[in-house]
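# Chain and residue survey
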Amino acid sequence: MRDDTTPNETRNRSRNRVLLLLLFAMFFGSMIVAGALRFSGWRPSGTKNVGELLDPPGDVRALTPRLLSGGDYAWKAGERTWRIVVAPPADCDAECTTLAREIETVWQLFGKDADDVHVLWLCATQACAWPAGVPQPGTLKLLAPDAQLRAGLPRVDDTIVKAANASASTSGRGVPAYVIDPYGFVILRYAPGFDPSGLRTDVARLVKLK
């Protein structure tokens, strides 16, 4: 049987086959690479959270915190409200003042989205107040002591060691912070001594998820 295929047609067929194989390799190869990166835990730096992602998250949905002034604080998932939560110990003085000032600054920086972020200050005793001399965030809620809610904040009583001078150190109670989503899940934790700019970055991303 005679083959009437010209040299040009043969070259074109070969080139088309090579292109088809290259496209196949590019498509499925990218899927394989993406899958490998996904299962290895890699994510682009721009999408990484600064705080510790809690896995599994804490679940405080069944709890109804009480406000220090009276009344309940409900999670109200439909309102898409995020919460920054701090549960300071009873003997927290200068450390809490510094942290309160940082959190108030972070809250101010949310700008038009600030009303969507509540600051919850979980008191350790009934004789509790926002640190004196620090402006209060507009959405600040002082919560009455609640052992169950406190227990729902992972490692809430971690300690932090601070250098007192070059040759000695003192150990004090740490004050971590947390982010609770609109549904009542504790999703992020910030260890004692955290950088408040990281908290702002994480929450600013979350607030945009409407």
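Residues numbered from 1 in each chain as written. Predicted model: local features only at pLDDT ≥ 70, side-chain atom pairs only at ≥ 80, totals over all residues. Heavy atoms only, no water.

As annotated in an unreviewed UniProt entry, the protein chain carries the name SCO family protein and is attributed to Lysobacter auxotrophicus.

### Observations regarding the side chain of His118
Applicable threshold: Counting from the N terminus, the helices are DSSP H or I runs at least four residues long and the strands are E runs at least two residues long. Here a residue-residue contact requires only that any non-hydrogen atoms of the pair lie within 4.5 Å.
Position of His118 relative to the elements: it lies in strand β3 (residues 117–122). Setting aside residues up to four positions removed in sequence, His118 forms contacts with Tyr73, Thr81, Trp82, Arg83, Ile84, Thr139 and Lys141.

### Here's the deal with the pattern of salt bridges
Going by this rule: Salt-bridge detection follows one rule: a side-chain nitrogen of Lys or Arg within 4 Å of a carboxyl oxygen of Asp or Glu. Exposed residues in this analysis have more than 50% of their type's maximum accessible area, buried residues have under 20%, and partly exposed residues fall in between, with area computed by a 1.4 Å probe over protein chains only.
One pass over the full model with this rule turns up 8 salt bridges. Close ionic contact of Asp59 with Arg61 constitutes a salt bridge, the shortest N to O distance being 2.8 Å. Measuring nitrogen to oxygen at the nearest pair gives 3.7 Å for the salt bridge that ties Arg205 to Asp202. With Arg205 and Asp202 both in helix α4 (residues 196–207) and 3 residues apart, this pair spans about one turn of that helix. Assessed through its relative accessible area of 34%, Arg205 is described here as partly exposed. For Asp202, a relative accessible area of 3% gives the class buried. One network of salt bridges, in which partners are shared, links Glu52, Arg155 and Arg189.

### Concerning the state of the cysteines
Let me state the cut-off plainly: The disulfide definition used here is simple: a pair of cysteine sulfur atoms within 2.5 Å.
Applying the stated rule across the entire model yields 2 disulfides. Each disulfide pairs two cysteine sulfurs, and for Cys92 the partner residue is Cys96, the sulfurs being separated by 1.8 Å. Its torsion about the S-S bond being 115°, the disulfide of Cys92 and Cys96 is classed as right-handed. For the pair Cys92 and Cys96, a shared accessibility class is recorded, and that class is buried. In this model Cys123 forms its disulfide with Cys128; the gap between the sulfur atoms is 2.1 Å. One disulfide, between Cys123 and Cys128, carries an S-S torsion of -70° and so falls in the left-handed class.

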